Amino acid sequence: MKHRFAILVIIFHLLPIGCGISPERIAAQTATAATAIAAQWTITPMPTSTPTYTPTVTPTSTFTPTLIPPTKTPFGGWAKSKILCTADIGGNNFEIFVINSDGSNPINITNSNEMDYAPVWSPDRTRIAFMSYPGNKAEIFVMNADGSNPINLSNSRGYDGSPDWSPDGKKIIFESSRNGAFEIYVIDVDGENLKNLTNNPFYDGGPTWSPDGMKIAFSTAREGGSTEIYVMNADGSEPINLTNSRGEDFGPVWSPDGTRIAFISNRDGGKFEIYVMNADGSNPINLTNNKSDDQSPEWSPDGTKIIFKSDREGESVFNMNALFIMNADGSNLIKLEEIPGPLRDLFCP
């Protein structure tokens, strides 16, 4: 799931920095860890009929990043990809940008006076779900891929965050505190048929849909102690604890084929590491296994790589210069190109 709060208020919502975290703090941290983070860390190929993005306001010359030079792109075949990013354009005014996979041609597609972040492509790449803070409260919005026609789907008095699309593009799951405790809700993309899927007094959040649409993985404190990763049917039935460890386990992210789940855990000590387990919770493996904090994993589209953040080279995990990529088995670790100073608040992939 935002150099998370060292730079902005949203960031600390998403990245934990220690053990014994309260459900409310975990809720904030996961407002997107997989999700929020996953939303902002997913590089997705656009369809052949990629729309032409026309910004309402032309970005300034400051936004000319070279995030991953074409000659060093770890993921092959993404020359025609588009990346969703969030950037602070000044005064804690966070906007959503679409850029090319080589970091060129950044286009501001929200251009509002609100804090807009945690964007997620719809499966057909024609729409984007995201979080916004109108009236100083978090809501889930959906807009067209060019930023037009933003619609408030959640519209509640509580906190609504961590959106994720169903694979068929008809529904959106998200976490909400609208009834007091953080719960996982599902809603049609037209804002109809809101349903509470978890409905218990403990924290449930950071939901992510399995690629086949049959399951939902999420983080929860319902065991009464540390957070665990659960999976349930898409209708909320049959919740099962997949992790069941003494540490904090959260931020689940499904592999593209749905057979594995990457997640964050400190079960082996005080530092957070990137783990991968089978979709049934078996065979958890520590992929990073070092003395640094590693967070916010996201799979490459082909499932062979995992991108994540780390402070292993002295960079704070709240600073997006700390991007690394590795094979899905933890081998071949590579540090990505550093984001230029003027764009240190641009986080994507």
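Up top is the structure.
Residues numbered from 1 in each chain as written. Predicted model: local features only at pLDDT ≥ 70, side-chain atom pairs only at ≥ 80, totals over all residues. Heavy atoms only, no water.

**Q** Would you mind going over the packing of aromatic side chains with me for this structure?
**A** Between two aromatic rings, the relevant description is the distance of the centres plus the angle of the planes. The tally for this structure, following the rule as stated, stands at seven aromatic pairs. Centroid distance Phe 218 to Tyr 230: 5.9 Å. Interplanar angle 40°. Geometry classified as tilted. Taken together, the residues Phe 218 in strand β14 (residues 215-220) and Tyr 230 in strand β15 (residues 228-233) connect sequence positions 12 residues apart. Taken together, the aromatic side chains of Tyr 159, Phe 182 and Tyr 203 make up a single cluster linked through ring pairs. Arg 178 extends its terminal NZ or CZ atom over the ring of Tyr 185, reaching a point 5.3 Å from the ring centre. (Phe/Tyr/Trp six-rings, centres within 6.5 Å; stacked < 30°, edge-to-face > 60°. Helix = DSSP H or I, 4+ residues; strand = E, 2+ residues; numbered from the N terminus. Lys NZ or Arg CZ within 6 Å of the ring centre and 35° of its normal.)

**Q** Teacher, can you tell me more about the environment of Asn 241 here?
**A** Mapping Asn 241 onto the fold places it in strand β16 (residues 240-241). As for Asn 241 and Ile 229, which are separated by 12 residues in sequence, their C-alpha atoms are 6.1 Å apart. Not counting the four nearest positions on each side in its chain, Asn 241 is found in contact with Glu 223, Glu 228, Ile 229 and Tyr 230. Looking at Asn 241, its side chain comes within polar contact range of the main-chain nitrogen of Thr 243, at 3.0 Å. (Contact = heavy atoms within 4.5 Å. Polar contact = N/O pair within 3.5 Å; in protein donor to acceptor, adjacent residues only side chain to side chain.)

**Q** Where do I start with the pattern of salt bridges in this structure?
**A** A side chain with one charge may pair with a side chain of the opposite charge, provided their charged atoms come close. Scanning the entire structure with this criterion turns up five salt bridges. With a shortest N-O distance of 2.7 Å, Asp 188 and Lys 171 are connected by a salt bridge. Placement of the pair is Asp 188 in strand β11 (residues 183-188) and Lys 171 in strand β10 (residues 171-176), with a sequence separation of 17 residues. Overall, the relative accessible area of 12% leaves Asp 188 in the buried class. In this structure, the salt-bridge partner of Asp 249 is Arg 267, at a minimum N-O distance of 3.2 Å. Within this pair, whereas Asp 249 is found in strand β17 (residues 249-254), its partner Arg 267 is found in the loop between β18 (260-265) and β19 (273-278), the two being separated by 18 residues in sequence. Residue classification places Asp 249 among the buried residues on the basis of a relative accessible area of 0%. (Salt bridge = Lys/Arg side-chain N within 4 Å of Asp/Glu carboxyl O. Buried < 20%, exposed > 50% of the residue type's maximum accessible area, 1.4 Å probe, protein only.)

**Q** Help me out: how do you make sense of the pairing of β19 in this one?
**A** Regular strands have side chains that alternate between both faces of the sheet. With respect to burial, β19 is a largely interior element, five of its six residues being buried. In this structure, β18 lies alongside β19, joined through six bridges in antiparallel fashion. By the bridge assignment, Ile 264 is partnered in β19 with Ile 274. Here β19 runs beside strand β20 (residues 285-286); their pairing, made up of two bridges, is antiparallel. Residue pairing in the sheet places Val 276 in a bridge with Ile 285 of β20. (Pairing = 2+ DSSP bridges.)

**Q** Teacher, can you tell me more about the environment of Pro 207 here?
**A** You can see Pro 207 is positioned in strand β13 (residues 204-209). Separated by 46 residues in sequence, Pro 207 and Val 253 place their C-alpha atoms 9.1 Å apart.

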